[in-house]
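# Fold and geometry: a report
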Amino acid sequence: MKKMFFVTVLLSAVSFTQIVNAQIRKIPAEVTNAFSEKYDDAKNVEWKDNLTAFVASFERKGDKYEAKFNKKGEWQSTEKELEISDLPRKVNDGFEKSKYSEWEVKSVYEIELPGDVTQYRVHVAKSDIQQKNLLFNDKGKLLKDNLTL
């Protein structure tokens, strides 16, 4: 009886491992080649597949980044975490003039987008429940204020 139980558990574990491995897609060469061309100086690169895009987490010049590429290898965006003090003056002014200026700043990201567009995401919280991601353009205009969990 113990032997049968052990065999059943072992087969279940092997089956589960195969199912999990089957769900992980290989990063296409178009994606890795496009990344290498754009960020030839990247260090400590780690890839994730989030189904809608392939995401590379990496270090560059002492900073941490995340770059997203679609399955064709087209670059979609790159994010870099900033300190609130590193926000450009116009963006900081826009935040200070917003109705969220009294909320606690949790994190700040600079987002590079195609077309030489730069945006800034400021994650703020008024409480554990009331949290928002504020998206500003480089002129300090609030573009979106999405509720977060």
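Residues numbered from 1 in each chain as written. Predicted model: local features only at pLDDT ≥ 70, side-chain atom pairs only at ≥ 80, totals over all residues. Heavy atoms only, no water.

## A word on the sheet that holds strand E6 (residues 117-125)
Stated formally: In this analysis, strands are considered paired if DSSP registers two or more bridges between them. Numbered from the N terminus, helices here are DSSP runs of H or I no shorter than four residues, and strands are runs of E no shorter than two. Only the contacting stretch of a helix is used when fitting its axis, a line to C-alpha atoms as for every element, and angles between N-to-C directions run 0 to 180 degrees. Note on definitions: a residue-residue contact is assigned when non-hydrogen atoms from the two residues lie within 4.5 Å.
One open sheet accounts for eight strands, arranged E1-E2-E3-E4-E5-E6-E7-E8; its pairing is antiparallel. Whereas interior strands pair on both sides, the edge strands pair on one side only; in this sheet they are strand E1 (43-49) and strand E8 (142-147). Neighbour to neighbour, the strand axes of the sheet diverge by 20° on average, direction disregarded. Docked against the sheet, helix H2 (residues 29-38) engages E1, strand E2 (54-60), strand E3 (63-69) and strand E4 (75-82), running at close to 145° with respect to E1. Sitting on the sheet, helix H3 (residues 89-97) touches strand E5 (104-113), E6 and strand E7 (131-137), and the angle it makes with E7 is about 135°.

## Section: H2
The criterion, for reference: Using a 1.4 Å probe on the protein chains alone, a residue whose accessible area is under 20% of its type maximum counts as buried, one over 50% counts as exposed, and one in between counts as partly exposed. Directions drawn from the helix axis to the C-beta atoms are what define this arc.
Within the sequence span of H2, burial applies to Val-31, Ala-34 and Phe-35. Seen along its axis, H2 keeps its buried residues to an arc of 100°; they face one direction. Contacts made by the buried residues of H2 are with E1, E2 and E3.

## Section: the pairing of E2
Burial of E2 is extensive: six of the seven residues sit out of reach of the surface. In the sheet, E1 pairs with E2 via five bridges, with the strands oriented antiparallel. Across the sheet, Glu-46 pairs through a bridge with Ser-57, a residue of E2. Counted between consecutive antiparallel strands, the loop separating E1 from E2 contains four residues, among which Leu-51 sits at a positive phi close to 70°.

## A word on the pairing of E5
Direction of pairing for E4 relative to E5: antiparallel, over a ladder of five bridges. From the neighbouring strand, Glu-81 faces E5, where its bridge partner is Tyr-109. Here E5 pairs with E6 via nine bridges, running antiparallel. Within E6, the residue paired with Glu-112 across the bridge is Thr-118. Taking the residues that link successive antiparallel strands as the turn, the E5-E6 hairpin has three residues, and the phi of Gly-115 there is positive, at about 85°.

## Topic: the side chain of Ser-77
Position of Ser-77 relative to the elements: it lies in strand E4. Excluding anything up to four places from it in sequence, Ser-77 contacts Glu-66, Ala-67, Lys-68, Ile-111, Glu-112 and Leu-113.

## Remarks on the pattern of salt bridges
Rules: By salt bridge we mean one thing: a side-chain nitrogen of Lys or Arg within 4 Å of a carboxyl oxygen of Asp or Glu.
What the rule picks out here adds up to five salt bridges. The closest approach of N and O atoms between Lys-80 and Asp-63, which form a salt bridge, is 3.4 Å. Of this pair, Lys-80 sits in strand E4 while Asp-63 sits in strand E3, placing them 17 residues apart in sequence. Residue classification places Lys-80 among the buried positions, given a relative accessible area of 19%. Exposure remark for Asp-63: the relative accessible area of 29% places this residue in the partly exposed category. Put simply, Lys-106 and Glu-104 hold a salt bridge, and the shortest N to O gap is 3.7 Å.

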